[in-house]
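Each chain, written out:
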Amino acid sequence: MGATLLIADLHLDASRPDTLRAALDTFAAAGACSALWILGDLFEAWIGDDAGLADGAASPGRSVANALARLADTGTAVHLMHGNRDFLLGEAFARAAKATLHREDERIVTLGGEPVLLMHGDTLCTGDAEYQRMRHQLRDPDWQAHFLALPIEERLAAARQLRAASRDAGSRKPLDIMDVSAAAVSARLQACHEAHGTTTLVHGHTHRPAAHGIALACEGAEPATVAARRLVLGDWHADGGEALIADAEGLRPVRCPAGIPLPCRG
């Protein structure tokens with residue numbers, strides 16, 4: 001098995017050309033890997049495939065899709081998950097990028113020989129009830145169908161309004177309420193450990209890259225607990241971002257993009 005590169009929270013936007021270049025350089029370098037997983041928020045905003053992929057669109061959607069397609073052509077499997085900013089990414093973008101779009105909130109994937117729980121991470125922020133209510137509305141298929149039927153200019157205006165409201169709400173909330181809930185993390189890992197033997201969770205969303213140790217209960221066994229971990233991916237800036245490489249040696253951090261020696265496909 002070859003190596004897998006895991007990234008999240010690139011927040012690509014035409015107003016951030018240096019970050020876009022770092023992402024395109026990373027996609028070119030990732031041809032050394034067997035798979036690339038993007039765990040949400042590839043884009044700062046996505047108001048529909050028709051708008052994001054349109055010729056001359058302000059979004060860098062077409063250039064990103066082309067770069068991912070070139071990566072896929074090298075034999076690297078490209079996987080996309082939704083984030084809280086690009087939850088409207090659809091099958092048209094996935095086809096253009098030659099990628100697999102996973103609509104589930106989480107996936108269990110074998111990485112480095114172990115079952116790993118992958119997710120964007122916003123579902124773990126259960127302390128932020130206001131956000132979770134909004135998330136429930138925005139993920140509703142009827143709401144999405146209505147939104148995508150609006151003219152592009154109306155969708156752009158609505159997206160700007162949503163971002164402004166989000167920034168205002170975030171400025172009024174305690175920092176800890178916007179982080180993951182320890183209880184939610186433990187509950188998901190405990191359930192996945194019991195069902196699949198999972199002891200590793202990888203997510204983004206919080207923009208707080210770190211490795212956290214967690215003790216899971218192991219009922220009826222000795223010892224009574226098993227060590228687990230939560231690995232958080234970082235958000236991207238002009239110089240790239242923090243990522244993870246998974247291969248036969250396990251999972252380890254790597255800084256993207258260019259100049260980082262990614263492992264061979266094998």
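Up top is the structure these notes are about.
My aim in this report is to walk through the structure given alongside it, one point at a time. (Residues numbered from 1 in each chain as written. Predicted model: local features only at pLDDT ≥ 70, side-chain atom pairs only at ≥ 80, totals over all residues. Heavy atoms only, no water.)

1. A look at the nonpolar core
Across soluble globular proteins, nonpolar side chains have a tendency to be buried as a group.
Part 1 of the argument: Membership of the largest hydrophobic core comes to 44 residues, with the highest contact counts inside it found for L5, I7, F27, L42, V64, L68 and F93.
Part 2 of the argument: Those elements that place two or more of their residues in this core are β1 (4–7), α1 (17–29), β2 (35–39), α3 (61–73), β3 (77–81), α4 (91–97), β10 (241–247) and β11 (250–256).
Part 3 of the argument: It is α3 that provides the largest number of residues to this core, a total of six residues.
Part 4 of the argument: Not counting residues up to four positions away in its chain, the partners in contact with L42 are L10, H11, L12, F27, V64, L68, L80, D86 and F93. (Core = buried A, V, L, I, M, F, W, Y, C linked by side-chain atoms within 4.5 Å. Buried < 20%, exposed > 50% of the residue type's maximum accessible area, 1.4 Å probe, protein only. Helix = DSSP H or I, 4+ residues; strand = E, 2+ residues; numbered from the N terminus. Contact = heavy atoms within 4.5 Å.)

2. Considerations on the sheet that holds β11
Part 1 of the argument: Taken in spatial order, the six strands line up as β4-β3-β2-β1-β10-β11 in an open sheet, and their pairing is mixed. Edge strands, defined here as strands with exactly one partner in the open sheet, are β4 (100–102) and β11. When the angles between neighbouring strand axes are averaged without regard to direction, this sheet yields 25°.
Part 2 of the argument: For β1 and β10, the ladder comprises three bridges, and the chain directions are antiparallel. Within β10, the residue paired with L5 across the bridge is I245.
Part 3 of the argument: Most of the contacts of α3 go to β3, to which it runs at about 140°, and overall it touches β2 and β3. (Pairing = 2+ DSSP bridges. Axes fitted to C-alpha atoms, helices over the stretch in contact; angles between N-to-C directions.)

3. Regarding the environment of L156
Part 1 of the argument: Mapped onto the elements, L156 comes out in helix α7 (residues 152–172).
Part 2 of the argument: For L156, a relative accessible area of 31% puts it in the partly exposed group.
Part 3 of the argument: Between the C-alpha atom of L156 and that of A51, which follows or precedes it by 105 residues, the distance is 9.3 Å.

4. Regarding the packing of α1 against α3
Part 1 of the argument: Contact geometry of α1 with α3 gives a least axis separation of 9 Å together with a crossing angle of 15°. One finds that α1 runs roughly parallel with respect to α3. Between α1 and α3 lies a crossing whose hand is left-handed. Together, L20, L24 and F27 of α1 and S63, V64, A67, L68 and L71 of α3 make up the contact between the two elements.
Part 2 of the argument: Across the contact of α1 with α3, the residue classes tally to seven nonpolar, one polar and no charged. (Parallel < 35°, antiparallel > 145°, perpendicular 65-115°, else oblique. Left-handed = near helix turned anticlockwise from the far one by under 90°. Nonpolar A, V, L, I, M, F, W, Y, C, P; charged D, E, K, R; others polar.)

5. Examining the pairing of strand β9 (residues 225–232)
Part 1 of the argument: Across four bridges, the pairing between strand β7 (residues 200–203) and β9 is parallel. When the bridges of β9 are listed, V202 appears paired with L231.

6. Remarks on the packing of aromatic side chains
The way to describe two aromatic rings as a pair is by their centre distance and the angle between their planes.
Part 1 of the argument: A full pass over the atoms with the stated rule returns four aromatic pairs.
Part 2 of the argument: Ring centres of F43 and F93 lie 5.6 Å apart, and the angle between their planes is 85°; this geometry places the pair in the edge-to-face category. With F43 in the loop between β2 and α2 (49–52) and F93 in helix α4, this residue pair connects regions lying 50 residues apart in the sequence. Each member of the pair, F43 together with F93, is buried.
Part 3 of the argument: Each residue in the set F43, W46 and F93 is aromatic and connected to the rest through ring pairs, giving one cluster. (Phe/Tyr/Trp six-rings, centres within 6.5 Å; stacked < 30°, edge-to-face > 60°.)

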